[in-house]
Structures are given as structure tokens and as C-alpha cells.
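For reference, the chains in residue letters:
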Amino acid sequence: MDGYRVTQGLHVISGIAAIPLLGAKLWAVYPRLFEWPPARSVLHALERLGIAILVATMVLELFTGTLNIIEWYPWPFPFRQTHFWLAWLATGGLLLHIAAKGPMIAEHWRRVRPGLPERRLFLGSVTAAVAVVTLTTAGQTVPWLRRLTLLAPRRPDIGELGLPITRTAAQAGTTVTPADWRLRVDGPQPYELTMDQLLALPQYESRLPIACVEGWSASAHWTGVRVRDLLARAGAPAGARVRVTSLEQNGPYRIMEMPAAYAQDPLTLLAVRVNGQVLTPNHGYPARIIAPNRPGVLQTKWVTRMEVF
Ligand SMILES: Nc1nc2c(c(=O)[nH]1)N[C@H]1C(S)=C(S)[C@@H](COP(=O)(O)O)O[C@H]1N2
Ligand SMILES: [Mo]
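Residues numbered from 1 in each chain as written. Chains lettered and ligands numbered in written order. Predicted model: local features only at pLDDT ≥ 70, side-chain atom pairs only at ≥ 80, totals over all residues. Heavy atoms only, no water.

K.L.:
Help me understand the overall build of the protein chain, please; the structure alone is not making it clear to me.
P.N.:
When helices and strands are counted, the protein chain shows 8 helices and 10 strands. For the protein chain, the C-alpha atoms occupy an extent of roughly 75 × 40 × 30 Å along the three principal directions. Taken across its 309 residues, the protein chain has 39% of its residues classed as buried. Put simply, of all contacts in the protein chain between residues at least 6 apart along the chain, 64% involve residues at least 24 apart. When the accessible area of the protein chain is evaluated, it comes to approximately 17,300 Å², of which 66% is carbon and sulfur surface. (Helix = DSSP H or I, 4+ residues; strand = E, 2+ residues; numbered from the N terminus. Buried < 20%, exposed > 50% of the residue type's maximum accessible area, 1.4 Å probe, protein only. Contact = heavy atoms within 4.5 Å. Areas by Shrake-Rupley, 256 points an atom, 1.4 Å probe, with all protein chains shown as cover.)

K.L.:
Looking at this model, I keep getting lost on the pattern of salt bridges. Mind explaining?
P.N.:
Once the charged atoms of two side chains with opposite charge are near each other, the side chains can pair. In total, this model carries 14 salt bridges according to the counting rule given. Here Arg40 ties to Glu35 by a salt bridge, and the two come within 3.9 Å at their closest N and O atoms. Note that Lys101 is salt-bridged to Glu47, the shortest N-O span being 2.6 Å. A residue pair is termed long-range when its members are at least 10 positions apart, and Lys101 in helix H3 (residues 79-110) and Glu47 in helix H2 (residues 42-69) qualify at 54 residues. A residue is classified by how much of its surface remains accessible, and Lys101, at 17% relative accessible area, is buried. (Salt bridge = Lys/Arg side-chain N within 4 Å of Asp/Glu carboxyl O.)

K.L.:
Looking at this structure, I do not really get the packing of aromatic side chains. What am I missing?
P.N.:
Per the counting criterion, the structure on display carries 9 aromatic pairs. Ring geometry for Tyr30 against Phe34: centres 5.5 Å apart, planes inclined by 65 degrees, an arrangement best described as edge-to-face. When sorted by exposure, Tyr30 lands in the same class as Phe34, which is exposed. Between Phe63 and Trp75, the aromatic rings sit 6.3 Å apart at their centres with planes inclined by 55 degrees, giving tilted as the arrangement. Placement of Phe63 in helix H2 and of Trp75 in the loop between H2 and H3 is noted, with a sequence separation of 12 residues between them. The exposure class of Phe63 is partly exposed, given its relative accessible area of 46%. By way of ring pairs, the aromatic residues Phe63, Tyr73, Trp75, Phe77 and Phe79 are connected into one cluster. (Phe/Tyr/Trp six-rings, centres within 6.5 Å; stacked < 30°, edge-to-face > 60°.)

K.L.:
Can you help me understand the site of ligand 1 in this one?
P.N.:
The immediate surroundings of ligand 1 are formed by 18 residues, with Pro164, Glu248, His283, Arg288 and Lys301 found nearest. Between an oxygen atom of ligand 1 and a side-chain N or O atom of Arg288, the distance comes to 2.6 Å. Residue Lys301 places a side-chain N or O atom 2.6 Å away from an oxygen atom belonging to ligand 1. Its free accessible area being 530 Å², ligand 1 has 99% of it covered by the protein chains. Looking at the shell around ligand 1 residue by residue, the class counts come to 8 nonpolar, 6 polar and 4 charged. (Near = heavy atom within 4 Å. Polar contact = N/O pair within 3.5 Å; in protein donor to acceptor, adjacent residues only side chain to side chain. Nonpolar A, V, L, I, M, F, W, Y, C, P; charged D, E, K, R; others polar.)

K.L.:
So what exactly am I meant to see when it comes to the domain arrangement of the protein chain here?
P.N.:
How big an interface is tends to be stated in terms of accessible area lost as the parts join. When cut into domains, the protein chain gives domain 1 (3-148) and domain 2 (160-308). By the criterion of area lost to domain 2, the three top residues of domain 1 are Tyr4, Arg5 and Glu71, representing 48% of everything that side buries. If you look at where domain 1 meets domain 2, you find 0 salt bridges. The tally of links from domain 1 across to domain 2 stands at 7 residue pairs in polar contact (both at pLDDT 80 or more). Taken together, the elements giving at least two residues each to the side of domain 1 that touches domain 2 come down to helix H1 (3-33) and H2. For the side of domain 1 that touches domain 2, the per-class residue count stands at 3 nonpolar, 5 polar and 3 charged. (Domains from an automatic or database assignment. Buried area = accessible area lost by both parts, 1.4 Å probe.)

K.L.:
I keep staring at the nonpolar core and nothing clicks. Help me out?
P.N.:
Soluble globular proteins tend to pack their nonpolar side chains together in the buried interior. With 31 residues, the main nonpolar core has Leu183, Leu198, Leu230, Leu270, Ile289 and Met306 as its most contacted residues. Look past the residues within four positions of Leu183 in its chain and what remains in contact with it is Tyr191, Glu192, Leu193, Leu198, Leu230, Leu270, Val303, Thr304, Arg305 and Met306. Core analysis: the next-biggest nonpolar cluster, separate from the first, contains 14 residues, Leu163, Leu208, Ala218 and Leu279 among them. (Core = buried A, V, L, I, M, F, W, Y, C linked by side-chain atoms within 4.5 Å.)

Next comes the structure, spelled out in C-alpha cells:
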């Protein structure tokens, strides 16, 4: 249930901790990055090329990840795929780099030298910087660090009904629900439900978090109809996926697709209440999706249609 929340929290915390670490490393080797002549031999040229790729991928990885926190994508390439593949390149590059420098690293640790004062100061500062950014980030995931959450776009415990709001109803143009709102479910036996009919179906409760790419996650208590019950009623075959459409007119998260494993999970709801109250427009009134182990962007608000496919 909290699996995605944990990996998401670790991802953001370790990514932010890596920023001062990479900065310190680059600062320490900075003169050597611009060594002249650029290559003394073919082997040396290859090594430097490897380092150039490693530095470039790491800087880009941390840069794109940081801007993702504020959901800002000022580049022509797709963020998710690029961030994913850069991570593999950087990991491979780092392993090669450590392997190539292995003998040097071993040699360094064999020589027992008392640490020079400036070196101790440097390592101390780097450690302090990492500790500070980690402590001021981690509260987005870890409740008892909440009060230290300074480096976050949002505090996870502040917001309407005890839950933050990312895209508001005003931004999405869904403040007023059309008077003729129906939940339409398309499948072999399509049907429509009014709100009263939806509320007359068996209601279930799930305690599930929203884990946003901005880095925060917050748990809430949801009430609603099981998605699998809604799909079964439409005659969905086993293994069917579902496409969910929001009332919102534009926006990257207007349409969401859910694989069968999530749609069939008994915790996955089309929720109508959160933390004991009817959903507010900002939290997705009249109905929203809440499913375990999925990123916040897929917890579609203001649902109007579900399609079995
Ligand atoms: N239709 C629609 N649903 C949406 C969004 C959106 O922009 N449009 N934003 C998503 C994002 S990014 C998150 S983190 C969650 C946040 O839900 P909350 O605002 O109720 O906390 O809603 C998701 N559902
Ligand atoms: Mo989000």
C-alpha cells in the first residue's frame, strides 16, 4: 500500500542529497576537468571521454529531477524516459569510473595520513550540507520530520480536509460540476449512474496515500465504490484495463489508463469522500480515483467516464 510512497520518498531524498555531493566532487576535481592537452594517449582520451559523459549525465539527471519537483519541463525531450535512461548511463559510468580508479582509491586508503585541517573542514562542510538538505526534505515523506520541511513545494499535512492540493478546481475549470453529471461506464454492457445511484452501491474504505512527483506524500482515509465492482457491472472481461476521463478540459492528467492489476485491487476506489467528508471541488468532487502504489498524477480527480478496454 505504501510501497510507492517509500520508493518515491527515498528517490527524492537521495536525489537532493546527491546535489551537494556532486557539487563537492566537481569542486574538488575542477582544475583537472580542463587539463591541457586534452589527451596524452588513446587510453587517456577514452578515460576523459568517460568522465565527460559521467559528469554530463549526472548534472543533467539532477537538474531535470529538481525541475520535476516544481513540475517545470523547459526542454524538448520527454522528462520521464530521459530521466530514466540518464540514470542508467550515470550508474554505468560511475561503476566504470570506480573500477578504473580502484587501484588509486585502494592506495589512498592504505596510506594512513593524518587528515589535513582544510581537508577535514571540506569533508565536514559537505557532510553538514548533505545533512541539512536531507533533514529539510525528508519531512515530505516522514511525518516526524514535518516541521523541518523547508525545501519542499508543499507541506503534506497542510491543505483542505488534511490533504494538500496540487491542481485546484479553479485551475482545472471544474469548480462547478455540470448539473447533468453522470458517471458513464463503457464496456460490453455500458451504463450511467447519477450521484444518488453511485452512493447506493456498496461503499468501501481504504487508507491510501497520495504520493506526488513534487516529492510529498500524505495518507488519507477514502470512501467510495470499488473500481472492480464498477467494471464487473459493465461486463468487463478478466484482465481488462480501464481508461478514466476527467471533467477537466485540458491538462496532462485528464485521461489516465489503469492496468488490470490495479483495477482489480480491492483497495482501488472511485472515491466520493476523504477523511470523513464529501470530496471538495479541489480534491476531485464529484468522484476521483484512489489506488495503491501509483504516483499522484494517476489519481485522477473529477472523474466523469470509465472505459473498459
Ligand atoms: N484530472 C486531474 N486529476 C489529477 C490531477 C490533474 O491535474 N487533473 N493532478 C494529479 C496530481 S499531480 C496529484 S499529486 C493528485 C493530488 O491530489 P490532491 O490535489 O487531492 O491532493 O491529483 C492528481 N489528479
Ligand atoms: Mo502530483
